[in-house]
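Secondary and tertiary structure notes
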Amino acid sequence: MEEGSENSEELLDDEGEEDFEIGTNDLGDEGSQLLQEKNNDLENAIQQVLRIQRVDLENDGVPVLGIHGVDLENGNEHVLEFESNGHEGNSERMLEIPSTDKDSCSDQMLGVPGSDKENATDADMAVMGGQTDTGGKSYLPPVEGMEFESYDDAYNYYNCYAKELGFGIRVKSSWTKRNSKEKRGAVLCCNCEGFKTMKEASTRRKETRTGCLAMIRLRLVETNRWRLDEVKLEHNHLFDHQRAQNSRSHKKMEAGAKRKFESAVDVEVRTIKLYRTPAVDAVSCGSSSERELSNHVEMAKRLKLRNGDVVALYDYFRRAQLADPNFFYIMDLNDEGYARNVFWIDSRSRAAYGYFGDMVIVDSTCLSNKHDIPLLSFSGLNHHGQPILLGCSLLVDETFETYLWLMRAWLTCMIGRPPQTIITDQCKALQDAISEVFPRAHHCLCLPLVMKSIHEKLGEVAESEIFQTVLNRTVYNSMKVEEFEMAWEEMIQHFAFRDHKWLQSLYEDRERWVPVYLKDTFVAGIYSSEPGEYVAPFFHGYIHDQMTLNEFFSMYELLQQKKIQKEALDDLNSREFRPVLRTRCNYELQLSELYTKEIFLKFQEEVVLMSGCFSVTQIHANGPIFTYMIKERDAEGDAREAKNFEVVYDKVGVDVRCICSCFNFRGYLCRHALSVLSYSGVEEIPIQYILTRWRKDVERLYTPDLGSNNIDISNPVQWYDHLYRRAMQVVAEGMASQDHHMVAWQAFKESLNKVRLVAEKPV
């Protein structure tokens, strides 16, 4: 075994893993390519031809990495992020953006169709990387702090980087746990490292080693990812591409290229399979019809962008990052390096999730309606009951794999904190992805969209006034599960829908959309148990089916500013709001001083309607828990048509729960629960029923929650991440006013002086 790095002891974990053996490791053939890295220093990033950005977020203390290369002189953006599904053939994967013909360089990374090259503008071609010189590098140099999903991913990345530069690599040393074959660390070096031994020098073979020090050192960290701890890039020899091609490490990479003579059927099947898995031999192998089939599949697996779209996307990301250091975006690339999916979110949205992340709406209307912009957005409701944006994405399709990637990216960006409730449409692939990523969240279908789809699917019958009345009564008026089941069965029989398969499948999914099944699910007023009450998604009414990306981002930025200004105006109006009290109830006075104007006015209606609850009768008692029956007059005030509502009240915990579940649907107590509290002598609404999300006296700074303070004290990369994010929080809050700015500036000066004093102390 060859000598390891002198700092190899640092590879050992601190928690009971001191006993390790050192040995040479054979490279496995399988591994998924996930290469991600970020650097938040925007000034240096702008000056570099290739920019490495470190995404400033954590997932349980581990940075999520994304590599982006930008040529600012030519306007070229190459996003070099690779991901595979771990299928067969991973060891054969070439991570290069291919160009087999200089005249067909229109296979741009972001997926603009090559046939449109002649019509593309100069700006489009610059950003798309459509130049004829295909000799540019596709791989960024390794950087300390890079992380990989597996050892094979790290090896394959370094091997591809080496092949592109013109040198070979080998495993210098590796570390395994004692009495185990589990690899824990390794050093990969240039194959010119070291010198021949005396025994080897006596042979006639030419000396190829030069004592080169280029290497990377890997170790397995707590999150089961492989991290680069040490990187040396300098070589003491010239690069030789011809000799490098013959190195052992690169020959392994080319093993798949030898399969050229197969039957037509076998090749056709392999072409499809190899496109879906990382493989070298998917390029220029087989007949023209096979290549056409492969191209067809390839086009279907990349984002469909038109001329000008790439420029619009790049310009927006560039502006956003310069204006907002905490702006985050990530791209999912296919095996050929073309963009499949894009996700982005600004710092305000990330911070807003900390206040309003209890309920999230996933709006995929543009995807389901086949708009030219394949947009999916995340949104929520702010303290005024208005929609707020929590992230956007452009997606290649509506498959489970695409949604799975998106949900994982979004959750990671939110520091791994899932929402309580997620509301979506009826897309099965989206539902499955949410169940995979958010297993504990309440997943609901958007009730207004479900009701709309019922009318669309059932045709003429659904247009009848009788059916609409029966359907609304069945869905919205059922107070108990048994009532809904009986009413649904009667509706199916009466309108002869027994054999309607779509309606049957909708019924089987009833626990996700029927209000009577969702009484324990918090939806914050996005819709309620009454028809017609619904808050539209963030982009509702602003996007048309043929909108271009350039039009979208222009609208997007204006809409964001409009929403921010409206929230600021609503905040001001709420602080100055002095409502006219309509009753003598203390509950009304109490919340008039706490809640924002819009939410208080809705709650005030409940207080006024308490007068319609003319009877409170105790029907059951179990220790401190009492059940009451509330009689309420109908809308015309007729007591003969009174409706009954059960309310359970716990005198010890001061908990109250009505069968209508208004608190979970709307976020405030209903008139029935208020009547029981008043009847029981409770003078103020219990604090657990006054939600912070609705309060007007809470200062919301919209600076991202930066997660845990726990860092690896031996890792300088984490030092930088931790200090940078904390400093950015001070910067964001220091922008609130001139006084805030002066305090933040003084704090920075004092901190810098203290740090310098530490540096000047003798060791």
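Each chain carries its own residue numbering, running from 1 in the direction its sequence is written. The model is predicted, so local features are restricted to residues of pLDDT at least 70 and side-chain atom pairs to those at 80 or more, both for listing and for counting; the totals for chains, interfaces and linings are taken over all residues. Side-chain calculation: all heavy atoms of the structure are included, whereas hydrogens and water are not.

- Per an unreviewed UniProt entry, the protein chain carries the name Protein FAR1-RELATED SEQUENCE and comes from Sesamum indicum.
- UniProt positions are given in the numbering used here, feature names are shortened, and annotations may be inferred rather than shown by experiment. Quoted verbatim from the Function (unreviewed entry) heading of the UniProt record, the comment on the protein chain is "Putative transcription activator involved in regulating light control of development."

Considerations on the overall build of the protein chain
- A count of helical and extended segments in the protein chain gives 25 helices and 21 strands.
- Expressed as a percentage of its 763 residues, the buried residues of the protein chain come to 51%.
- When contacts within the protein chain are restricted to residue pairs at least 6 apart in sequence, those whose partners lie at least 24 apart make up 64%.
- Accessible surface for the protein chain amounts to roughly 37800 Å². Of this, 50% is attributable to carbon and sulfur atoms. A run of H or I in DSSP counts as a helix once it spans at least four residues, and a run of E counts as a strand once it spans at least two, with each numbered from the N terminus. Each residue's exposure class comes from its accessible area (1.4 Å probe, protein chains only) as a fraction of the maximum for that residue type: buried when under 20%, exposed when over 50%, partly exposed otherwise. A contact between two residues is defined here by any heavy atoms of the two lying within 4.5 Å. To be clear on the numbers: accessible area is Shrake-Rupley with a 1.4 Å probe, and residue cover counts the displayed protein chains and nothing else.

Observations regarding helix H3 (residues 151-165)
- Over its 15 residues, H3 extends 21 Å from the first C-alpha to the last, a length consistent with the 21 Å expected when each residue adds 1.5 Å.
- Within H3, 15 of the 15 residues are buried, which leaves the element mostly enclosed by the surrounding structure.
- The first or second residue beyond H3 is Gly166, which carries a positive phi of 110°. In a helix, the anticipated span is given by 1.5 Å times the number of residues less one.

What about the pattern of salt bridges?
- For this analysis, a salt bridge means a side-chain nitrogen from Lys or Arg found within 4 Å of a carboxyl oxygen belonging to Asp or Glu. A full pass over the atoms with the stated rule returns 28 salt bridges.
- Note that Arg227 and Glu147 form a salt bridge whose closest N and O atoms lie 2.5 Å from each other. Of this pair, Arg227 sits in strand S10 (residues 226-232) while Glu147 sits in strand S6 (residues 147-148), and the two are 80 residues apart along the sequence. Across the pair, Glu147 and Arg227 agree in class, each one buried.
- For Glu646, the salt bridge goes to Lys480, with nearest N and O atoms at 3.8 Å. One end of the pair, Glu646, is in strand S20 (residues 643-650); the other, Lys480, is in the loop between helix H16 (465-476) and helix H17 (481-494), with 166 residues separating them in the sequence.
- Its relative accessible area of 28% is what places Glu646 among the partly exposed residues.
- Classification of Lys480 by relative accessible area gives partly exposed; the value is 38%.
- Salt bridges sharing common partners tie together Glu147, Glu149, Arg225 and Arg227.

Details of the packing of helix H12 (residues 400-413) against helix H13 (residues 428-437)
- Running from N to C, H12 and H13 cross one another at 40°; their axes reach a closest spacing of 8 Å. One way to sum up the angle between H12 and H13 is to call them oblique. Remark: the crossing between H12 and H13 carries right-handed chirality. Mapping the contact onto sequence places Phe400, Tyr403, Leu404, Met407, Arg408 and Leu411 in H12 and Ala429, Leu430, Asp432, Ala433, Ile434, Glu436 and Val437 in H13.
- Only Asp, Glu, Lys and Arg are considered charged in this grouping, and only Ala, Val, Leu, Ile, Met, Phe, Trp, Tyr, Cys and Pro are considered nonpolar; every other residue, Gly among them, is considered polar. For the contact of H12 with H13, the residue count by class is 10 nonpolar, no polar and three charged. For helices, the axis comes from a line fit to the C-alpha atoms of the stretch in contact; other axes are also lines fit to C-alpha atoms, and the angle between any two N-to-C directions lies between 0 and 180 degrees. Roughly parallel means an angle under 35 degrees; roughly antiparallel, over 145; roughly perpendicular, 65 to 115; everything else is oblique. Helix crossings fall into two classes, left-handed where the near helix is turned counterclockwise from the far one by less than a right angle and right-handed where it is turned clockwise.

Section: a nonpolar patch on the surface
- On the surface, a nonpolar cluster with roughly 580 Å² of combined accessible area is contributed by Val730, Val731, Met735, Met742, Trp745 and Phe748.
- Of all elements in the fold, only helix H24 (716-734) and helix H25 (738-760) reach the threshold of two or more residues within the nonpolar patch.
- Ranked by residues supplied to the nonpolar patch, first place goes to H25 with three residues.
- Since its relative accessible area comes to 64%, Met735 is described here as exposed. Candidates for patches are residues over 30% relative accessible area with no salt bridge; among them, like charges are joined within 9 Å and nonpolar side chains (Val, Leu, Ile, Met, Phe, Trp, Tyr) within 5 Å.

Notes on the packing of aromatic side chains
- Within 6.5 Å between ring centres, the rings of Phe, Tyr and Trp (the latter by its six-membered ring) count as paired, and their orientation is classed by plane angle as stacked under 30 degrees, edge-to-face over 60, tilted in between. Within the structure shown, the criterion is met by 45 aromatic pairs.
- Aromatic side chains Tyr161 and Phe167 sit 6.2 Å apart centroid to centroid with 85° between the ring planes, which places their arrangement in the edge-to-face category. Taken individually, Tyr161 and Phe167 each receive the classification buried, so the pair is uniform in this respect.
- With 4.7 Å between their ring centres and 20° between their planes, Tyr316 and Phe553 make a pair best called stacked.

Things to note about the environment of Leu395
- One can find Leu395 in the loop between strand S15 (387-394) and H12.
- According to the relative accessible area criterion, Leu395 is buried, its value standing at 1%.

Quick word on the pairing of strand S19 (residues 625-632)
- For S19, a buried count of six out of eight residues is recorded, marking the element as mostly surrounded by other parts of the structure.
- A pair of strands is considered paired only if DSSP assigns at least 2 bridges between the two. Count of turn residues in the strand S18 (residues 613-622)/S19 antiparallel hairpin: two residues, of which Gly623 carries a positive phi of about 65°.
- Taken together, the eight bridges between S19 and S20 define a ladder with antiparallel strand orientation. Each bridged residue has a counterpart across the sheet, and for Thr627 the counterpart in S20 is Val648.

With respect to the sheet that holds S20
- One open sheet holds the four strands; their spatial order is S18-S19-S20-S21, and the pairing between them is antiparallel. Of all strands in the sheet, those with a lone pairing partner are S18 and strand S21 (655-658), marking the two edges. Ignoring strand direction, the axes of neighbouring strands in this sheet form an average angle of 25°.
- Pairing of S18 with S19 involves eight bridges; the strand directions are antiparallel. Each bridged residue has a counterpart across the sheet, and for Cys613 the counterpart in S19 is Glu632.

Some thoughts on empty space enclosed by the protein
- Of the two site types, the cavity is a set of points on a 1 Å grid over the protein atoms alone where a 1.4 Å probe fits but cannot get out, and the pocket is an open set with protein on both sides within 12 Å along at least five of seven lines, each lined by residues with an atom within 4 Å of a point. Grid points are joined across faces, edges and corners, and a volume is the space filled by probe spheres set on the points. Using the criterion set out here, one finds seven cavities of 30 Å³ or more in the structure.
- Its boundaries defined by the atoms lining it, the largest cavity holds a volume of some 180 Å³.
- For the largest cavity, the lining is made up of 18 residues, of which Arg348, Ile388, Leu389, Lys563 and Glu567 are closest to its centre.

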